[in-house]
Amino acid sequence: MVITCPKCSKENQDHYKFCLGCGAELPRDVSPKKFAAGTPPHGVPAASRAKDYGDEPTAIGTGAQKGPAVAPPPPALVDPAAFIAPARGEDTGASKKAAAAAPATPAAAAGAGTVVCPQCQEPNPPSNKFCALCGFKLVKPAGQAAQPSTPVVSTSGAANVVLTALRADGTEAGSYTLPTNPTLIGRDSGTIFGGDSYLSPRHATFSIKGGRLFVKDEGSLNGVYRRLRRDTPVQLDNGDVFRIGQEIVRVEPLSPAPTTPDGVERLGSPSKGYVARLALIIGRDATGNAFPVPDTGLHLGRERGDILFPEDGYVSGLHCQISLQGGRLFLTDLGSSNGTFLRVLGETEITGGDILLMGQQLFRINV
């Protein structure tokens, strides 16, 4: 089955979202694909405590604030959800791989003679002018890797490290060269950071150690998030926070309630078969619905999965997966259009080509 582009009449495979000839969005069937849910999308009582990520006021409201803030609305400069302007749409069937399978890097999966999309790492035939998954215009030659695996930078300075702000369509909106090692950036830094009220005055520090580049969240209110590479499981620990679309989710342990001071144990429903829960962060020190995570894992998406966000157009039809492997939880992006972002805790190594979400802006790391 093929889909004929209404703009240029080129025939495309039925799972493509954008025309390979002109890049126009292809018409889609309004009926969502069927999905076999592993668990019902019911919730459990919300957590009564939010993990403290800092005590620093920003332009969101007034006064001192603790904990991660509610997800900001789509900004005018850069969409926090990622690269393509129309963030809605169905995901391709080819990109829906199980996280439990052995992951492969985009370059390795592409094979010889293919073009790897620099935005979503989707392998494309060399004849494609636009990425079949995200619609980005392909400009890289066939076989070129999207980014180096490890940056090699000078330990004496940071002049060769550049943060490039990205607009919603993937075009560049300005750049900032790190002037020193280390470099503290935030709203007080001015330039491309000055107009973002969701950035803390002192937001994050970039440093070079042993030829490697690191970023550290300096207790900012809204955090630093790194985009996950598609189909690559990343381990989750209790308290970790990740973001899909405009949804901010925290991983919490399922532990029995303690006894009261007079020794009375609390009654509660059994949690056999569940290993954690996902709590939606809806405001400062506030969580909304919470969903149990079974030992069989679950999927999150807008149209298909165990936990659905039907009103969030920046979440893909089937966006990401939570899985249990070897007694540990893993988060995997399933080729979503706008990406899955994991909040950085402490000092974390980053590489050239990584995408960071800070405040309302996306930044690509160029080394």
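Before reading on, note that the structure itself is shown above.
The structure displayed is predicted, hence computed values, not measured ones.

(A) Quick look at the pairing of strand S21 (residues 347-350). Here S21 shows a buried face lined by Thr348 and Ile350 and an unburied face lined by Glu347 and Glu349. Note: strand S9 (residues 212-217) against S21, four bridges, orientation antiparallel. Among the inter-strand pairings, Lys216 is bridged to a residue of S21, identified as Glu347.

(B) Examining the packing of aromatic side chains more closely. Going through the model one piece at a time under the given rule, you end up with two aromatic pairs. When the ring of Tyr176 is compared with that of Phe193, the centres are 5.1 Å apart and the planes differ by 75 degrees; the resulting orientation is edge-to-face. Of the two residues, Tyr176 is situated in strand S6 (residues 172-177) and Phe193 in the loop between strand S7 (183-185) and strand S8 (204-209); the sequence distance between them amounts to 17 residues. Judged on exposure class, the residue Tyr176 and its partner Phe193 are both buried. Seen from their ring centres, Phe193 and Phe363 are 5.5 Å apart, and the 40 degrees between their planes marks the pair as tilted. Here Phe193, found in the loop between S7 and S8, pairs with Phe363, found in strand S23 (residues 361-366); they are 170 residues apart in sequence, far enough to count as distant. Judged on exposure class, the residue Phe193 and its partner Phe363 are both buried. Taken together, the ring pairs in this structure connect Tyr176, Phe193 and Phe363 into an aromatic cluster.

(C) Here's a closer look at the pairing of S8. Across the six residues that make up S8, a large majority, five, are buried. Pairing between S7 and S8: three bridges, direction antiparallel. Its bridge partner being in S8, Thr183 is matched across the sheet by Phe206. Bridge analysis of S8 against S9 gives six bridges, and the strand direction is antiparallel.

Rules behind the numbers
- Residues numbered from 1 in each chain as written.
- Predicted model: local features only at pLDDT ≥ 70, side-chain atom pairs only at ≥ 80, totals over all residues.
- Heavy atoms only, no water.
- Buried < 20%, exposed > 50% of the residue type's maximum accessible area, 1.4 Å probe, protein only.
- Helix = DSSP H or I, 4+ residues; strand = E, 2+ residues; numbered from the N terminus.
- Pairing = 2+ DSSP bridges.
- Phe/Tyr/Trp six-rings, centres within 6.5 Å; stacked < 30°, edge-to-face > 60°.

Honestly, it's all geometry; don't read function into it.
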